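Listed below, chain by chain, are the residues.
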Amino acid sequence: MSYYEEKDLARFGEIGAFRQDLADKFFDYYTAATGTDGALSKREKALIALALAHAKQCPYCIDAYTTQCLEAGADPEQMTEAMHVAAAMEAGMALVHGVQMHNALKKQGAM
Amino acid sequence: MSATCQTLPDFATTLQSKGLNLLPLKIETLQVNITKLCNQACLHCHVAASPKRTESMSDAILAACLDVLSKTPSLRNLDITGGAPELHPRFQDLVSQAKSLGKHVMVRHNLTVTLDPHPLNQASMADLPRFFAQNQVEVISSLPYYQPYFTNRQRGQGVFEKSIESLKLLNALGYGQADSGLQLNLVYNPAGAFLPADQAALQADYKKALKEQYGVVFNQLFTLTNMPIQRFRESLERLGNYETYLQKLAGAFNPLAAEGVMCRSLLSVGYDGTLYDCDFNQMLDLPVELPRPHILDTPPEQWLQRKIVFGSHCFGCTAGAGSSCTGATS
């Protein structure tokens, strides 16, 4: 048994067992933000969510948004590009701290 | 039977719980499956058609279909399917005679059959586009995606490229061109166990991509849901996904789509003359509920008196925006 159970995604609504009013507000907001065509299409939103799912490494979200992307008409190439955007951003966010390292090196007189 | 399987919803019970009583309406389309022979053997084919199949409609049954069409003005459409129906030796006769009866003729044309030699006698099929155009046939062709990957994965390596070549031949004769009157409609179905995207949005994507990348035009895109039967069911079972997929279809039940299901306005005829509510029931060997479910035995006047035969696969036609031989139903 893994810590994350695939079937548990379908139980997401159970977070409303206490303070259902707050859960309702969240789910309404979530549906409005991700599940409708707006200035961005549902497909574009699904690809953003898939990229974020990889960056945050959420197995539930990767399952859900792989399906969501397909059902919004995306193909594996688009989904893979979204994943690379997330990966590149993660790499960039690590590497830009190299400037911080340079600052520290200079302060030590080592650069 | 697993615990999950025991909880699978029943289609008839679902209809009942929604207060839906889906009776046949006016039957406008006669869909005839004249052969299971095909030049392709696609992964999701609900007919399990291939170059090895031998089932073929006899002259007597073809004549009976034409006789029914001639005596039944309300049957406005003849929808010819297979296999690749063009491979049947009497295909062109059937089209010509139906046209002379004033019927609208639709052909489920797989595109590659024009370019491949006939699997039995190696004859060239290159004349098909011209024949379609001369007879004002509505051409309905499967193209599972506007890029090669999903199309070739489902229909075989190189099928996408051949399909584009064939579409260009149809376009050159006026098919899909504005005001030509020659209808060319494409069919999308998902490459796996998921529901189709919105039909209008996907049609816009197809039109843009096919025009920009290949100079190909068409009229409408029909989005179809994969039916959990035959080869697709086998692939779902191999992946351990069958019950999950059925649950997904049932969970997406849409009463509006249910009211528009094609079995209310269509009757399907098997190669041997047996009558079915639809092509899917035909492949599951579920004939219409009439005492003698055969085209030689039961005249069209009695077809409306039947009760449609439903099964769990029917959730495929009622999920989301619905699915029929002409795409979404809601």
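Located above this text is the structure these notes cover.
Parameters and conventions
As a convention, each chain's residues are numbered from 1 in the sequence order in which they are written. To read the labels, note that chains go from A and ligands from 1, taken in the order they are written. In keeping with the model being predicted, local features are shown solely for residues with a pLDDT of at least 70 and side-chain atom pairs are shown and tallied solely at 80 or more, while totals for entire chains, interfaces and linings include all residues. To obtain the side-chain values, all non-hydrogen atoms of the structure were used and water was disregarded. Starting at the N terminus, helices and strands are each numbered in turn, a helix being any DSSP run of H or I of at least four residues and a strand any DSSP run of E of at least two. Here the radius of gyration uses the C-alpha set of atoms, whereas the globule reference equals 2.2 Å times the residue count to the power 0.38. Note on classification: 1.4 Å probe, protein chains only; a residue is buried when its accessible area is under 20% of the maximum for its type, exposed when over 50%, partly exposed between these limits. Only heavy atoms matter for contacts: two residues are in contact if any of them lie within 4.5 Å across the pair. Residue exposure ignores everything except the shown protein chains as possible cover, and the areas themselves are Shrake-Rupley values with a 1.4 Å probe. For the charge count, each Lys or Arg is scored as positive and each Asp or Glu as negative, with His and the chain ends excluded. Every charge is mapped onto a representative atom, which is NZ of Lys, CZ of Arg, CG of Asp or CD of Glu. For salt bridges, the criterion is a side-chain nitrogen of Lys or Arg within 4 Å of an Asp or Glu carboxyl oxygen. Any pair of N or O atoms that falls within 3.5 Å is considered a polar contact. Within protein, one atom must be able to donate a hydrogen and the other to accept it, and sequence-neighbouring residues count only if both atoms are side-chain atoms. Put simply, Ala, Val, Leu, Ile, Met, Phe, Trp, Tyr, Cys and Pro go in the nonpolar bin, Asp, Glu, Lys and Arg in the charged bin, and everything else, Gly too, in the polar bin. By the convention used here, strands pair only if DSSP detects at least 2 bridges between them. Fitted lines through C-alpha atoms give the axes, limited to the stretch in contact for helices. The angle between two N-to-C directions lies from 0 to 180 degrees. By nonpolar core we mean a set of buried residues, namely Ala, Val, Leu, Ile, Met, Phe, Trp, Tyr and Cys, connected to one another through side-chain atoms within 4.5 Å. Crossover handedness is defined here as right-handed if the route from the first strand over the helix to the second strand goes clockwise, with the strands pointing away from the viewer.

Enquirer: Outline the overall build of chain A, supporting the account with residue identities and numerical values.
Expert: Secondary structure assignment for chain A yields 5 helices and 0 strands. When the elements of chain A are put in sequence order from the N terminus, they spell out α-α-α-α-α. Compactness check: chain A gives a C-alpha radius of gyration of 19 Å against a globular reference of 13 Å for 111 residues, more than 25% above the reference. For chain A, the proportion of its 111 residues judged to be buried stands at 22%. A separation of at least 24 residues holds for 42% of the contacts in chain A among residues at least 6 apart in sequence. In the form shown here, chain A has an accessible surface area of approximately 8100 Å², with 63% of it arising from carbon and sulfur atoms. When the 10 basic and 15 acidic side-chain charges of chain A are each reduced to a single mean position, those positions are 10 Å apart.

Enquirer: Can you explain the interface of chain A and chain B? Please cite residues and give values.
Expert: Tallying the contact residues gives 10 residues for chain A and 14 residues for chain B. Between chain A and chain B we count 2 salt bridges in total. Put simply, chain A and chain B have 5 residue pairs in polar contact (both at pLDDT 80 or more) between them. Looking at the side of chain A that touches chain B, the elements that each hand over two or more residues are helix H3 (59-71) and helix H4 (76-95) of chain A. Considering each element in turn, the side of chain A that touches chain B owes the most residues, 3 residues, to H3 of chain A. Tallied by class, the residues present in the side of chain A that touches chain B amount to 4 nonpolar, 3 polar and 3 charged.

Enquirer: Give me the sheet that holds strand S5 (residues 184-188) of chain B: which residues, what numbers.
Expert: Residues and elements named next belong to chain B. Strand order in the open sheet formed by 8 strands is S6-S5-S4-S3-S2-S1-S7-S8, with mixed pairing between adjacent strands. Every other strand in the sheet has two partners, leaving strand S6 (221-223) and strand S8 (275-276) as the edge strands with one partner each. Where strand S1 (residues 29-35) and strand S7 (residues 266-269) come together, 4 bridges link them in parallel fashion. When the bridges of S7 are listed, Thr29 appears paired with Leu266. In the packing of helix H8 (residues 199-214) onto the sheet, the strands contacted are S5 and S6, and the crossing angle to S6 comes to about 135°.

Enquirer: Help me get a handle on unusual backbone geometry, residues and values and all.
Expert: The phi dihedral of Arg19 of chain A is positive, around 55°, even though this residue is not glycine. Inspection of the secondary structure puts Arg19 of chain A in the segment before helix H1 (20-34). Unusually for a residue other than glycine, Ala48 of chain B sits at a positive phi of about 55°. With respect to the secondary-structure elements, Ala48 of chain B resides in the loop between S1 and helix H3 (59-71). Judged by its relative accessible area of 16%, Ala48 of chain B is buried.

Enquirer: Help me get a handle on the nonpolar core, residues and values and all.
Expert: Residue and element names in this part refer to chain B. Counting 109 residues, the largest nonpolar core has Val32, Ile80, Phe132 and Tyr206 as its most contacted members. Considering every element that reaches this core, the biggest residue donor is H3, with 7 residues. Setting aside its immediate chain neighbours within four residues, Tyr206 contacts Leu143, Pro144, Tyr145, Tyr146, Leu186, Tyr188, Lys211, Phe218 and Leu221. Core analysis: the second largest hydrophobic core is formed by 5 residues, Met106, Val187, Phe222 and Leu224 among them.

Enquirer: Describe in detail the pairing of strand S4 (residues 138-142) of chain B, supporting the description with residues and values.
Expert: All names here are of chain B. With respect to burial, S4 is a largely interior element, 5 of its 5 residues being buried. What you see with S4 is no split at all: Glu138, Ile140 and Ser142 on one side and Val139 and Ser141 on the other are buried throughout. In the sheet, strand S3 (residues 104-108) pairs with S4 via 3 bridges, with the strands oriented parallel. Counterpart to Arg108 in the pairing with S4 is Ile140. Tracing the backbone out of S3, into helix H5 (residues 128-134) and back to the parallel element S4 gives a crossover that is right-handed. As paired strands, S4 and S5 are joined by 4 bridges and run parallel to one another. From the neighbouring strand, Val139 faces S5, where its bridge partner is Leu184.

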